[in-house]
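Overview (structure and organization)
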Amino acid sequence: MVILEPYVRDSRWPAGLAILSVLLLGLAALLMGGAGPAYRLDALDLGQALGLLRQGAYVAMAAATSALLTLVVAVWCRRLRPALIGGLVLLVVATLLVVPVQHLQRAQAVPPIHDITTDLENPPTFMALASAREAAPNAVGYPRAFADQQRRAYPMLAPLMLDAPMAQVMLTAETMMRERGWEIARVGETTLEATATTTWFGFEDDVVLRLSETDTGVRVDMRSASRLGRSDLGTNAIRIQEFLDALERQLHRNG
C-alpha cells in the first residue's frame, strides 16, 4: 500500500505562486491608487480614470485568486512563508476592494441624483458659485425632478432649528467649513457658500448654507450639489446631515 505525503522540500510551486500574487497585488494597487491622481492631474479623463479603477479591481481579484491558490498549495507542501504571504495578500486585497464595494452598494441603495437640499420648496441658491457651476455639466438651479426621489431616499433630512443669535451661527458655520478644508466662496449676512473637494478624485461639490430668522431663533437650510456626475452615491445628503448635526453640537458646547 502506497501512502502519499505532502511535499516538504524541492517544491517551487508555493514560492512561485506567492511571487505572482505579490506582483498582481502591486499592479492592482498601482492601477487603483493611481486612477484618482491621474484624473486630478488631467492625465486621464473621467471615463478613462474609472476604467483604470475597474481594471485595477479585476487585477486585485486575480491577485486574490492567486493568493488563495498559494495558501492551499503552501499548506499542502508545508511551506510556512508562502502560506503567510498568501494570507497577507488576501487581507490586502480585501482592504483594496472595500471602498469600491461600498460605493457599489451605495449606488444600488440611493437614487441617481446629485443635488440635495433641506428646503425642497425654496432651495438655497448659488450666487458666488453660479459661474463655476454654469461651466460644469450639472445644473446651477435645483432640479425639481429630484424632489420626490430625495423625499423617499432621505426622509429625515430637514432644516435645523436653533435658539441662537444669527451672527453666532454664521461665524460657527464658517469656522467649521474652514476646519473641514472647504474653500469659502462667499460669506454674506444670511448665506455662506463653499466648495468641498474630495480627496481621491478631487470631485468638487458646492455647498450653500442659508440662515433665516424665526420666532424662536434661527432656521438653517443647506444645499450640497455635485458639479459632475449623475449620482453622488449619497455623498451630499451625508455631508448635509453630518454638518448640521456637528453645527448643533458645537453651538450647544459654546452655550
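For the structure itself, consult the block above.
These remarks concern the structure in this document. Only a predicted model underlies this, so the values are computations on that prediction, with no experimental measurement involved.

1. Considerations on helix α3 (residues 80-109)
It helps to recall that an α-helix has 3.6 residues per turn; residues three or four apart then point in one direction. With 30 residues, α3 should reach 44 Å at 1.5 Å per residue; the first-to-last C-alpha distance of 43 Å fits that figure. Of all the bends in α3, the greatest reaches close to 35° and is centred on V98; the proline P100 follows between one and four positions later. Taken residue by residue, α3 has P82, A83, G86, V89, V93 and L97 as its buried positions. Those residues of α3 that are buried are in contact with α1 (13-40) and α2 (46-76).

2. Quick look at the packing of helix α6 (residues 166-179) against helix α7 (residues 235-254)
The geometry of α6 relative to α7 is characterised by a closest axis approach of 10 Å and an angle of 120° between their N-to-C directions. Taken together, the axes of α6 and α7 lie oblique to each other. The interaxial crossing formed by α6 with α7 has right-handed handedness. Each of Q168, V169, T172, A173, M176 and M177 in α6 lies in contact with α7, whose residues at this interface are F243, A246, L247, Q250, L251 and N254. When its residues are assigned to classes, the contact of α6 with α7 shows 8 nonpolar, 4 polar and no charged.

3. What about the nonpolar core?
The biggest cluster of nonpolar side chains holds 36 residues, and the ones touching the most others in it are M177, L209, V220, F243 and L247. Elements that contribute at least two residues to this core include exactly α5 (146-153), β2 (160-162), α6, β4 (191-197), β5 (204-213), β6 (218-226) and α7. For this core, the element with the highest residue contribution is α7, accounting for 7 residues. Ignoring sequence-local partners within four residues, the contact set of L247 consists of L160, L162, V169, T172, A173, M176 and V220.

4. Concerning the pairing of β4
When you tally the buried positions in β4, you get 6 out of 7 residues, the bulk of the element. Note that strand β3 (residues 183-187) and β4 share 4 bridges and pair antiparallel. Pairing of I184 across the sheet is with A194, part of β4. Linking β3 to β4, which pair antiparallel, is a turn of 3 residues. Connecting β4 to the antiparallel partner β5 that follows it, the hairpin turn spans 6 residues, and G202 within it adopts a positive phi of roughly 75°.

5. Let's talk about the packing of aromatic side chains
Within the structure shown, the criterion is met by 6 aromatic pairs. With a centroid separation of 5.7 Å and 55° between ring planes, the pair formed by Y39 and F203 is classed as tilted. Here Y39, found in helix α1, pairs with F203, found in the loop between β4 and β5; they are 164 residues apart in sequence, far enough to count as distant. Taking relative accessible area as the criterion, Y39 reaches 19% and is therefore assigned buried.

6. Topic: the pattern of salt bridges
For the structure shown, the criterion picks out 13 salt bridges. Residue R223 pairs with D115 through a salt bridge whose shortest N-O separation is 2.8 Å. Of this pair, R223 sits in strand β6 while D115 sits in strand β1 (residues 115-117), placing them 108 residues apart in sequence. We note that R223, like D115, is buried.

7. Things to note about the side chain of D119
Topologically, D119 is positioned in the loop between β1 and α4 (130-134). By relative accessible area, which is 10% here, D119 ends up buried. Not counting the four nearest positions on each side in its chain, D119 is found in contact with P124, R210, R219 and D221.

Cut-off values and rules
Residues numbered from 1 in each chain as written. Predicted model: local features only at pLDDT ≥ 70, side-chain atom pairs only at ≥ 80, totals over all residues. Heavy atoms only, no water. Helix = DSSP H or I, 4+ residues; strand = E, 2+ residues; numbered from the N terminus. Expected span 1.5 Å × (residues − 1). Bend = angle between axes of the 7 residues up to and from the residue. Buried < 20%, exposed > 50% of the residue type's maximum accessible area, 1.4 Å probe, protein only. Contact = heavy atoms within 4.5 Å. Axes fitted to C-alpha atoms, helices over the stretch in contact; angles between N-to-C directions. Parallel < 35°, antiparallel > 145°, perpendicular 65-115°, else oblique. Left-handed = near helix turned anticlockwise from the far one by under 90°. Nonpolar A, V, L, I, M, F, W, Y, C, P; charged D, E, K, R; others polar. Core = buried A, V, L, I, M, F, W, Y, C linked by side-chain atoms within 4.5 Å. Pairing = 2+ DSSP bridges. Phe/Tyr/Trp six-rings, centres within 6.5 Å; stacked < 30°, edge-to-face > 60°. Salt bridge = Lys/Arg side-chain N within 4 Å of Asp/Glu carboxyl O.

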